[in-house]
Each structure stands twice: as C-alpha cells, then as structure tokens.
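Each chain, written out:
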Amino acid sequence: MKPISSRRARAIVVALAAGSLALTACSKNDGGGSGADSKKDQKEASVQSKAVTYADAAGSTGPAAEVPGAKPGGTINVYQEAGLSHLDPGQIYVSDAGQVANLLFRRLTQFKEDDKGNVSVVGDLATDSGKASDGGKTWTFTLKDGVKDQNGNAITSADIRHTVERQYAKFIFDGPTYLQTWLSGADYRKALPNGGFDGKHLPDSVLATPDDKTVVFHFDTARPDLPQTLAMAGYAVVPAKGDTKEKYDKAPVATGPYKIVSNKVGKELVLAKNTNWDAKTDSVRHQYANGFDFQFGITESTQTKRLIADQGEDKNAIQLTGGVEATQIQDVIGNAAVSKRTVKGYQPYVMQLTFNLDRVKDLKVRQAITYAVNSKSLIAGEGGAYGGDVAPNYFAPTLPGYEATYDPYGRLKMPQGNIAKAKEILKGVPAAEKKVVFAYSNSEAGQKRKVAIEDALTKVGFNVVSKEVDSASYYEQIGKLNNPYDLYITGWGQDWPSAATVITPIYDGTQVADGSSNYSHVKDPKVDELIKKALTQDPTAAAATWKEAQHYLLEKVLPAAPLWYTKQFQLSGSNIGGARYGSVSSLIDITRLYVKS
C-alpha cells in the first residue's frame, strides 16, 4: 500500500496505504505510547504482524458496536495538504483516498478492529468473510440482503462481476492488481481487454455468478489471503448502473454511510449522509456526523497551528493523513490539554530513495548514493523520533520476518550517512553518471526532503537536478515507465501481514508497466524465481524465501536505498469524539468519529 506522497509511502490506501490497508501498531485511545522510544514502539508494532482472523456470519452482522458517548449531528472538517488523485475505487491504492473510501464505499469483505487492537476480516457486502473449498482454490461469497447504493438500487452479484471485470480495462491503471493477476495471470488485460463494457465477460470457470446473491472465484492455486485482498479499498463495489468509466473518478456512486454532494477537485470535497445506507447491514461503519467537509491545500504547519489553537470550526476538525508538523511537536507534547487530542502509532511504510534502473544503471552509483543519504536529517524533517526511525532494510517492524539488525549499508551505525565510503565507491565513475535528476513532491514535506537529499549527495560529488512534481499526482507521475527522473522517494506498506504484499508489488519483474508499483523497474530472474517460489509455500517456509529475496535485492540489485520507517502523530479538535489510532489504516480511525456538541 502507498501512503500519500506528502508524508507517507505509497499505499492507501490505504493505505491498509495505499494507500494505506496495512496492519500496523495500535495506540490507546488516549494517544498513549512513547512516540520517542523507538525500541518500545517497534515492539508494539511487531504485535500487529500477527495474522488477522476470518469472521463468520455472526461477526459480520450489523450494526457496528456503538462508540461510547457517541451522538448524532454536526459536520467534521478534514484538513489535507494535497488533493486526492482518485475517487474511483479501482484506482485507489493510496492512503488519503483510502480514508475517504472508508466513508463512501463498501466491498465484499472489510477489516474490523476491536478496542484492543485485534483485527479480523468480516463480511461487508458478503454475509461472512468467504467460504473456501477445493483446497482453497475456490471461494464463495453470499451477498447480504438489503444493501443498496445511494440511488436505491440493490447490490447484486452482477455488480460484483462488473467491479472485478472493469479492473481489466485500460483506464484502470493505478489500483491494486492482486485479484486480476490471480484470476488471469500477469497479462490479465488480454483476458478481457474492454473490461466487460462490450458485453464480454470472464468465463464461469474463473468468476461465476449463478444467482443474484452468489459470487464464486476460481483460482489455479490456493489463495488463503483472498478475504484480506477483497477488503482493500481498490476492490470496493462499483455498481454497474452509473459507471461512467473514465469520468467515474469525479462522481462515484456511494454504498457506504456517506455520499458526495460536492467535489471541487483539489479544493474541497463535501460528503452528506447516504440515506440508502442501512446500519443493520454494516458491522464496521457508523453514521454519527451529518457530513464531512474535506478541505485541501492546507499545509501541515497551518493544520497544526489551527488545531493547537482550537478555535471556532477548528474544534470540529481532524487531519486526514498529515500529522503534527515537525517544528511544532514540542508545542503539542508540552501542553497536556493539546496532547490529549493526539493519536499516534507505527505505520507500515518503509520510505526509500528509489532508483530508476532504466536510467541509473551503474551499481556503484546506487551504492554510493545509498551510503551517502542522511536518514537522520530526513527523519528530523518528519518530526524526529515522533515521525520515524532509521530503516536499515526494506521490511518494516510491522511485517512478519522483520530483521531489526539486518543493516548491510551501516545505516544504524551512521544514520547521517557515510560520506567517506560513498566517495571511495565513486572513484573512477564518469562525471556524466554523477548527474542525477531527483523528483520531489511540491509539499512542505517534499521541500524538506529535497534539501536533505541535495545536501547529502552534493557532499560526495553528485550534481543533483531537482524537479518538482505535483503532490496529488506524485505516484502517478513516477509510476510512468518513461518518466524523466533518476531518483524519487517512495514508500510502501504491507497490504496485510505478509512479505508477499511488499516484495511482489514492488519488485516483481512481470509487473513492470505504466501505473505499476515496481517504481525501480527491476527485472531480475532470481528475484522473480524467489517470488514465485514463496507464493507456493506455507507461511513458515515462505518467510525464509522472502528473507532470501530481500537480502539478494539489497546486496546484489539495490533498486532503492532504505531511509526511514514512518510513524503517525495526528491532532484533532476538542469537539471531536471517538478518535483513536486505527491499526488498519495506520491513521485516525475515520469510521467511528462524532461531533461532541
């Protein structure tokens, strides 16, 4: 999952960005947790690396448990710096849009978190988390009664088929691809080039809808993670009626508790209650507030100042995916009344400086840059210990198989960068190869990162040419195969607790394409072989294979320099109730908020 480009890794989409829908450490509702104690934070984060449980019909039946003290009414203001790149569910793989998707859209399954941070997969549109047969190769879902879209149309199996098949269309390019590739292989678009819009469909041997209530997926191998996959925002239902294809991004049809009433792209998104949403069918979401007003273009520093001051409409406000601005952290933690209004926790994202291997072909150049980059300076720009920890490798503390001491480039010993080592490696490298084009997001965080990267690389003799990229479309721009950049900071977080959801989407050579998450364009036969092997193994055996893949990638290929692990530290207004850190979104849990008065 990607985080948003201004603060996180790619994501959320959900982050379970991405973002993003990844599982990360949970903090207590009161914002407890040290924030500055990295070892303690990483220990807490590792708790969330355990597998989620799959719920039965009883656990999937609504309504959701009431939030203590919740009351109806009021509008929640949501502040965000960058606009949303997508609202079409099929395009959502970033954490900011993933947060909005939790209010607007439902999917076959959904993640559910209790007040102790335990996470399960429940049926959302489906009556349960799915029934496996044929050794896990076949999965059957039965739709709930009484689920309608915002226009009052009942959701049927035809809508689920439409949702899956439209993912094959070329205009869907920025969302997850797990389901499509599992059903139809790496070249899945060839199986249904027009995404079902021409009347052609996937055969029943792949996807069957024998009646209005039943959906059956057939795979060529066991897919035990399917319930978690279908819980991603990118697989939320798109009703067949009302699908406007490319235009759907601007005015999608809601199935969740809220619907869009106004969308001024990049400026403001206004949501109101969806009167056709039935709480009795939903075991996860609430509809306490009358609506949400998402306001874009508000920098993190402005967000923080306004929320600390806590005046007027700011009392009813939250941060979406941004956090407390680094220079104002002490103003927050030093004021008990303000500190009580924070949520914080470890995120699943590993931020890294990604190399475009089509342009940066010399391994020595990549090694020199990896030794030179200054994680300490970058983390300072994120808020110091409250914003992140040094990352020595590609696996976050939230991921099974995390190796805290695996540090092939000495990042833990010298987080400020090893300038002498970098200079030594660069000896003999032609001057032309020392000129690098660095893409950065035009956000406050992006500006800080630009300064840190330029400073570190200039010290060892690189000529850095920095190019500004719009933050709302950042991942879309660097996701183009023929992009004009050598380096760019990216982040990725697990889509569920498995290294398969990190190594595969980022480093699988069969997924080098426009819109793919393989931002380095790495195509390595051994990596592809290890991925293929791990995907057929049981979790214990697979863990060893994923470990081997990470070591080979870091030491022999080096598609990216690991920089830091991200933490979230968010602030909300004093009139916001129900705020807690969500280990599913790795952000404030937006589904349970209410206005106190």
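Just above, that's the structure.
Residues numbered from 1 in each chain as written. Predicted model: local features only at pLDDT ≥ 70, side-chain atom pairs only at ≥ 80, totals over all residues. Heavy atoms only, no water.

Draft legend 1. Focus on the overall build of the protein chain. A count of helices and strands for the protein chain gives 17 helices and 22 strands. Computed over its C-alpha atoms, the radius of gyration of the protein chain comes to 23 Å, within 12% of the 25 Å expected for a compact globule of 597 residues. Taking all 597 residues of the protein chain together, 63% fall into the buried category. As displayed, the protein chain offers around 21,100 Å² of accessible surface, 51% of which is attributable to carbon and sulfur atoms. Each charge class in the protein chain can be summarised by its mean position, and for the 70 positive and 65 negative side chains these summaries are 3 Å apart. (Helix = DSSP H or I, 4+ residues; strand = E, 2+ residues; numbered from the N terminus. Rg over C-alpha atoms; globule rule 2.2 N^0.38 Å. Buried < 20%, exposed > 50% of the residue type's maximum accessible area, 1.4 Å probe, protein only. Areas by Shrake-Rupley, 256 points an atom, 1.4 Å probe, with all protein chains shown as cover. Lys, Arg positive; Asp, Glu negative; His and termini not counted. Charge placed at Lys NZ, Arg CZ, Asp CG, Glu CD.)

Draft legend 2. Quick look at the sheet that holds strand β16 (residues 463-469). In space, the six strands of this open sheet follow the order β14-β18-β13-β17-β15-β16, with mixed pairing throughout. One side of each edge strand has no neighbouring strand; the edge strands of this open sheet are β14 (388-390) and β16. In this sheet, neighbouring strand axes are inclined to one another by 30° on average, regardless of whether the strands run parallel or antiparallel. In the sheet, strand β13 (residues 342-355) pairs with strand β18 (residues 560-571) via ten bridges, with the strands oriented antiparallel. Counted as the bridge partner of Thr342 is Leu571 from β18. On top of the sheet, helix α13 (residues 444-459) reaches β13, β15 (435-441), β16, β17 (487-492) and β18; it is set at about 160° to β15, its chief contact. (Pairing = 2+ DSSP bridges. Axes fitted to C-alpha atoms, helices over the stretch in contact; angles between N-to-C directions. Contact = heavy atoms within 4.5 Å.)

Draft legend 3. Local environment of the packing of helix α10 (residues 363-372) against helix α12 (residues 419-426). Closest axis-to-axis distance for the α10/α12 pair is 8 Å, and the angle between their directions is 170°. Between α10 and α12, the angle is such that the two are roughly antiparallel. Counting all contacts with α10, which are made through Lys364, Gln367, Ala368, Tyr371 and Ala372, the residues of α12 involved are Ile419, Lys421, Ala422, Ile425 and Leu426. Per-class residue counts for the contact of α10 with α12 are seven nonpolar, one polar and two charged. (Parallel < 35°, antiparallel > 145°, perpendicular 65-115°, else oblique. Nonpolar A, V, L, I, M, F, W, Y, C, P; charged D, E, K, R; others polar.)

Draft legend 4. Structural detail: unusual backbone geometry. Here the residue pair Gly62 and Pro63 is connected by a cis peptide bond, since its omega of 0° sits within 30 degrees of zero. Structurally, the position occupied by Pro63 is in the loop between α2 (57-60) and β2 (75-80). Of note, the phi angle at Leu558 is positive, near 55°, even though the residue is not glycine. Its location among the elements puts Leu558 in the loop between α17 (539-557) and β18. When its relative accessible area of 0% is taken as the criterion, Leu558 is described as buried. Positive phi outside glycine occurs at Ser586, with the angle close to 60°. Mapped onto the elements, Ser586 comes out in the loop between β20 (581-582) and β21 (587-588).

Draft legend 5. Inspection of the pairing of β13 at higher detail. β13 sits mainly inside the fold: 14 of its 14 residues count as buried. With six bridges connecting them, β13 and β17 associate as antiparallel partners. Paired with Val350 across the strands is Trp492, a residue of β17.

Draft legend 6. Quick peek at helix α15 (residues 500-507). Most of α15 sits out of view: eight of its eight residues are buried. All of the buried residues in α15 are Ala500, Thr501, Val502, Ile503, Thr504, Pro505, Ile506 and Tyr507.

Draft legend 7. Structural view of the sheet that holds strand β5 (residues 131-133). Ordered in space as β5-β6-β8-β7, the four strands form an open sheet in which the pairing is antiparallel. This sheet does not close on itself; its edge strands, each paired only once, are β5 and β7 (207-211). Strand-to-strand, the axes of this sheet are offset by a mean angle of 20°, without reference to chain direction. Where β7 meets strand β8 (residues 214-218), three bridges bridge the pair, whose relative direction is antiparallel. In the sheet register, Ala208 faces β8, and the bridge partner there is Val216. Along the sheet, helix α4 (residues 157-166) makes contact with β7 and β8, crossing β7 at roughly 165°.

Draft legend 8. Expanded view of the side chain of Gln570. As for its placement among the helices and strands, Gln570 is situated in strand β18. Side-chain polar atoms of Gln570 contact the backbone oxygen of Leu320, separated by 3.0 Å. Within the structure, Gln570 has its side chain in polar contact with the backbone oxygen of Gly322 (distance 2.9 Å). With near-sequence residues (within four places) excluded, Gln570 lies in contact with Gln319, Leu320, Thr321, Gly322, Gly323, Val324, Arg341, Thr342, Val343, Leu587 and Ile588. (Polar contact = N/O pair within 3.5 Å; in protein donor to acceptor, adjacent residues only side chain to side chain.)

Draft legend 9. Looking closely at the packing of aromatic side chains. Within this structure, the stated rule accounts for 20 aromatic pairs. Between the aromatic rings of Trp182 and Phe219, the centroid separation amounts to 6.3 Å while the plane-to-plane angle is 85°, which identifies the pairing as edge-to-face. Of this pair, Trp182 sits in helix α5 (residues 178-184) while Phe219 is found in the loop between β8 and α6 (226-230), placing the two residues 37 residues apart along the sequence. Accessibility classification places Trp182 together with Phe219 in one group, the buried group. With a centroid separation of 5.1 Å and 85° between ring planes, the pair formed by Tyr258 and Phe292 is classed as edge-to-face. Linking Tyr258 in strand β9 (residues 258-264) with Phe292 in strand β11 (residues 291-296), this pair joins segments that are 34 residues apart in sequence. One residue, Arg166, lies across the ring of Tyr248, its end atom 5.3 Å from the ring centre. Here the guanidinium or amino end of Arg306 rests over the ring plane of Tyr79, the centre of that ring lying 4.5 Å away. (Phe/Tyr/Trp six-rings, centres within 6.5 Å; stacked < 30°, edge-to-face > 60°. Lys NZ or Arg CZ within 6 Å of the ring centre and 35° of its normal.)

Draft legend 10. Geometry of the nonpolar core. Counting residues in hydrophobic clusters, the biggest one holds 99 residues, and the most contacted among them are Phe217, Leu353, Leu457 and Phe462. With seven residues, the top contributor of residues to this core is α17. The contact partners of Leu353, leaving out residues within four places of it in the chain, are Ile369, Val373, Phe438, Ile453, Leu487, Tyr488, Ile489, Ala560, Ala561 and Leu563. The next biggest cluster of nonpolar side chains, apart from the first, holds 32 residues, and it includes Phe292, Phe294, Leu320 and Val343. (Core = buried A, V, L, I, M, F, W, Y, C linked by side-chain atoms within 4.5 Å.)

Draft legend 11. Seen up close, the pattern of salt bridges. Per the stated rule, a full pass over the model turns up 21 salt bridges. Between Glu382 and Arg449 there is a salt bridge whose closest N-O contact spans 3.1 Å. Of the two residues, Glu382 is situated in helix α11 (residues 375-382) and Arg449 in helix α13; the sequence distance between them amounts to 67 residues. Glu382 gets classed as buried once you look at its relative accessible area, which sits at 3%. On the accessibility criterion, Arg449 (4% relative accessible area) is buried. Of the charged contacts in the structure, one is a salt bridge between Asp455 and Lys459, with a shortest N-O distance of 3.4 Å. With Asp455 and Lys459 both in helix α13, this residue pair falls four residues apart, about one helical turn. A residue is classified by how much of its surface remains accessible, and Lys459, at 47% relative accessible area, is partly exposed. (Salt bridge = Lys/Arg side-chain N within 4 Å of Asp/Glu carboxyl O.)

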